[in-house]
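Now for the letters of each chain:
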Amino acid sequence: MLRWLLLIPFALLFAIGAGLFALLFAGVASPDLGLLIGGGFERLIAVLFDQAERGFDPAPAAEAAFSLLGRLGFAILVAPVVLVAIGSELFRLRSGLIQSGLTGLLAALLPLAMLGLARSPTGAELQVISALFLVGAATGFVYWLIAGRGAGGERAAEQA
């Protein structure tokens with residue numbers, strides 16, 4: 001019971017932090033992802049300062065932008081690892097490959113869902129999707145390293 005209360009939440013928090021670090025590292029390693037992350041923040045700050053200079057209140061735009069960034073961060077870093085961790089607990093999956101692969105797949109599905117699958121992704125979009133898959137895989141693997149083989153819960157036969 002203590003594992004459920006302490007180990008799994010600690011593993012999730014640590015894995016999400018490692019995923020953030022992996023995302024920053026991927027932004028440096030991948031020029032397209034780096035441009036997306038860095039250029040997006042640069043443009044956001046420029047627009048907010050431009051609104052303030054023109055006499056408009058930048059608070060509503062900033063609130064909407066940071067809300068969107070928070071939802072994207074949640075969808076890329078938090079939701080995949082939490083969903084896979086819950087699934088691994090329910091279905092007693094203890095494989096690091098399953099943990100990292102499913103987390104990476106869920107993290108990469110977000111941009112594919114945003115594209116709507118109406119067209120084939122461009123090369124730059126495939127690079128971003130691949131980077132997000134690797135970030136998700138790293139997040140899932142860190143969770144598996146901390147929660148270990150016990151992440152799938154105890155089997156009834158082992159308890160007897």
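Nothing here was measured: the structure is a model prediction, and the numbers come from that model. Along each chain, residues carry numbers from 1 onward, in the same order as the chain's sequence is written. Reporting of local features is limited, given that this is a predicted model, to residues whose pLDDT is at least 70; pairs of side-chain atoms are given and counted only at 80 or more, and all residues count toward the totals for whole chains, interfaces and linings. Note: side-chain values were computed over all heavy atoms of the structure, leaving out hydrogens and water.

Asker: In this structure, what is going on with helix α5 (residues 123-147)? I would like to understand it.
Answerer: Note on helix geometry: an α-helix contains 3.6 residues per turn, so any two residues three or four positions apart are oriented the same way. Along its 25 residues, α5 runs 36 Å from first to last C-alpha, staying within 8% of the 36 Å computed at 1.5 Å per residue. Each residue gets one of three labels from its accessible area relative to the maximum for its type: buried under 20%, exposed over 50%, partly exposed in between, using a 1.4 Å probe on protein chains only. Secondary structure follows DSSP: runs of H or I at least 4 residues long count as helices, runs of E at least 2 residues long count as strands, and numbering of each begins at the N terminus. By the burial criterion, the buried members of α5 are Val128, Ile129, Ala131, Leu132, Val135, Gly136, Ala137, Thr139, Gly140, Val142, Tyr143 and Ala147. The span expected for a helix works out to 1.5 Å for each residue beyond the first.

Asker: I tried to follow the packing of helix α2 (residues 31-53) against α5 on my own but got confused; where do I start?
Answerer: A pair of packed helices can be characterised by two numbers: the angle between their axes and the separation between those axes. Structural elements are reduced to axes, namely lines fitted to C-alpha atoms, with helices fitted over the stretch in contact, and the angle between N-to-C directions of any two is expressed from 0 to 180 degrees. At a closest axis distance of 8 Å, the pairing of α2 and α5 adopts a crossing angle of 85°. One way to sum up the angle between α2 and α5 is to call them roughly perpendicular. Contact residues: Pro31, Asp32, Leu33 and Leu36 in α2; Ala124, Gln127, Val128 and Ala131 in α5. Our angle categories are set so that under 35 degrees counts as roughly parallel, over 145 as roughly antiparallel, 65 to 115 as roughly perpendicular, and the remainder as oblique. Any two residues whose heavy atoms approach within 4.5 Å at even a single point are treated as in contact.

Asker: Would you mind going over the nonpolar core with me for this structure?
Answerer: As a rule of thumb, soluble globular proteins bury nonpolar side chains together. For the purposes of this section, nonpolar cores are sets of buried Ala, Val, Leu, Ile, Met, Phe, Trp, Tyr and Cys residues that join through side-chain atoms within 4.5 Å. Ala22, Leu23, Ala26, Leu33, Ile76, Leu77, Leu110, Val128, Ala131, Leu132 and Val135 form the largest nonpolar core, which has 11 residues in total. Those elements that provide at least two residues to this core are α1 (2-29), α3 (59-91) and α5. Excluding residues within four positions of it along the chain, alanine 22 makes contact with Val135 and Ala138. Core analysis: the next-biggest nonpolar cluster, separate from the first, contains 10 residues, Ala15, Val81, Ala85 and Val142 among them.

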